[in-house]
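Residue strings, one per chain:
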Amino acid sequence: LMVVIPLVFAALVLGISEVGDVRRLGRIGLRTLVLTIVLSSLSVVIAIGLVNTFRPGSALPAEARAQLAERYSSQSAKKVAEARGTKDVKDALLDIIPRNPLQEMVGAIDGSSPGGGMLAIMFFAVLFGVAMSLSPERTGPLLAVFQGVYDVCMVIIGFAMKIAPVAVAALVFSLTAELGADIIKPLAGYVATVVAGLSIQ
């Protein structure tokens, strides 16, 4: 999470600047939007179909299920409250245009941003990239800075990927110690369901 904001911002600015022609950007953007909608819908259908077919959580004992529900009930209640407080379409679209991009960046991860959060950051990055591509002769040094930010973020992600196996092992160990060995079977079922969904996709 630490590098999500700088990585997304730098990647979008670099990608749009490299396209160069703003007219081409519109065509690419439309195709990207259509592909995103189609592939996202397909992945949701695959995921729901696999979960409803295999039901990996059903192997979890009732005791462990109650313990997990108690632990995460406050988070789920918060999500439900956020969903009920959704804005209408006009306000949601207006929130994509950030009044203060830095405030949106600060609040995008924890949900405290006053506007569109990550979408507002992406909108600002796209606009920033378009503006840079319209004056390439003067923005070369700035483009090099964004390339540097992107490269540094990828190195940090590389650090995280190196410790990921140890972190996952620690997480599974912690869950097993707390809920007992019965958690391993539904966890294995969950992993198999995810891998199956990714393979189909």
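Residues numbered from 1 in each chain as written. Predicted model: local features only at pLDDT ≥ 70, side-chain atom pairs only at ≥ 80, totals over all residues. Heavy atoms only, no water.

For the chain, the count of helices and strands is eight helices and zero strands. Taking 2.2 N^0.38 as the reference for a compact globule, 201 residues should give roughly 17 Å; the C-alpha atoms of the chain span a radius of gyration of 21 Å, well beyond that estimate. On the principal axes, the C-alpha backbone points of the chain span a range of 65 × 40 × 35 Å. The long-range share in the chain, meaning contacts at least 24 apart out of those at least 6 apart in sequence, stands at 70%. As displayed, the chain offers around 14000 Å² of accessible surface, 70% of which is attributable to carbon and sulfur atoms. (Helix = DSSP H or I, 4+ residues; strand = E, 2+ residues; numbered from the N terminus. Rg over C-alpha atoms; globule rule 2.2 N^0.38 Å. Contact = heavy atoms within 4.5 Å. Areas by Shrake-Rupley, 256 points an atom, 1.4 Å probe, with all protein chains shown as cover.)

In this section: the packing of helix α1 (residues 4–19) against helix α7 (residues 140–179). For the pair α1 and α7, the least separation of the axes is 9 Å and the interaxial angle reads 135°. Classified by the angle between their axes, α1 and α7 sit oblique to one another. Of the two elements, α1 crosses α7, and the hand of that crossing is left-handed. Across the interface between the two elements, Pro 6, Leu 7, Phe 9, Ala 10, Ala 11, Val 13, Leu 14, Ser 17 and Glu 18 of α1 pack against Leu 143, Phe 146, Gln 147, Val 149, Tyr 150, Cys 153, Met 154 and Ile 157 of α7. (Axes fitted to C-alpha atoms, helices over the stretch in contact; angles between N-to-C directions. Parallel < 35°, antiparallel > 145°, perpendicular 65-115°, else oblique. Left-handed = near helix turned anticlockwise from the far one by under 90°.)

Generally speaking, a soluble globular protein has its nonpolar side chains buried in company with each other. By size, the foremost hydrophobic cluster in this structure holds 10 residues: Ile 5, Phe 9, Ala 10, Val 13, Leu 14, Ala 108, Ile 121, Ala 125, Met 132 and Phe 146. When residues of this core are traced back to their parent elements, those giving at least two are α1 and α6 (118–134). When residues in this core are grouped by element, the largest group, five residues, is from α1. The contact partners of Ala 10, leaving out residues within four places of it in the chain, are Phe 146, Val 149 and Tyr 150. If you look at the next biggest cluster of nonpolar residues, it comprises six residues, including Leu 60, Leu 175, Leu 179 and Ile 183. (Core = buried A, V, L, I, M, F, W, Y, C linked by side-chain atoms within 4.5 Å. Buried < 20%, exposed > 50% of the residue type's maximum accessible area, 1.4 Å probe, protein only.)

Look at helix α8 (residues 184–200): 24 Å from first C-alpha to last across 17 residues, which is about the 24 Å you get at 1.5 Å a residue. Every buried residue of α8 is accounted for by Pro 186, Thr 193 and Gly 197. Down the axis, α8 shows its buried residues gathered within 30° of arc, on one side only. The outward face of α8, more than 90 degrees from its buried face, is lined by the exposed residues Lys 185, Leu 198 and Ser 199. (Expected span 1.5 Å × (residues − 1). Arc of directions from axis to C-beta.)

Moving on: α1. Taking 1.5 Å per residue, 16 residues should reach 22 Å; α1 reaches 23 Å between its end C-alpha atoms and fits that length. For α1, the complete set of buried residues consists of Ile 5, Leu 7, Phe 9, Ala 10, Val 13, Leu 14, Ile 16 and Ser 17.

Once that is clear, we can look at the environment of Lys 185. Positionally, Lys 185 belongs in helix α8. For Lys 185, a relative accessible area of 64% corresponds to the exposed category. Through-space distance from the C-alpha of Lys 185 to that of Pro 56 is 8.5 Å; in sequence the pair is 129 residues apart.

Here the focus is the packing of aromatic side chains. For the coordinates displayed, the defined rule picks out five aromatic pairs. A connected cluster of aromatic rings, assembled from ring pairs, spans Phe 9, Phe 124, Phe 128 and Phe 146. (Phe/Tyr/Trp six-rings, centres within 6.5 Å; stacked < 30°, edge-to-face > 60°.)

Shape descriptors only; they carry no functional weight alone.
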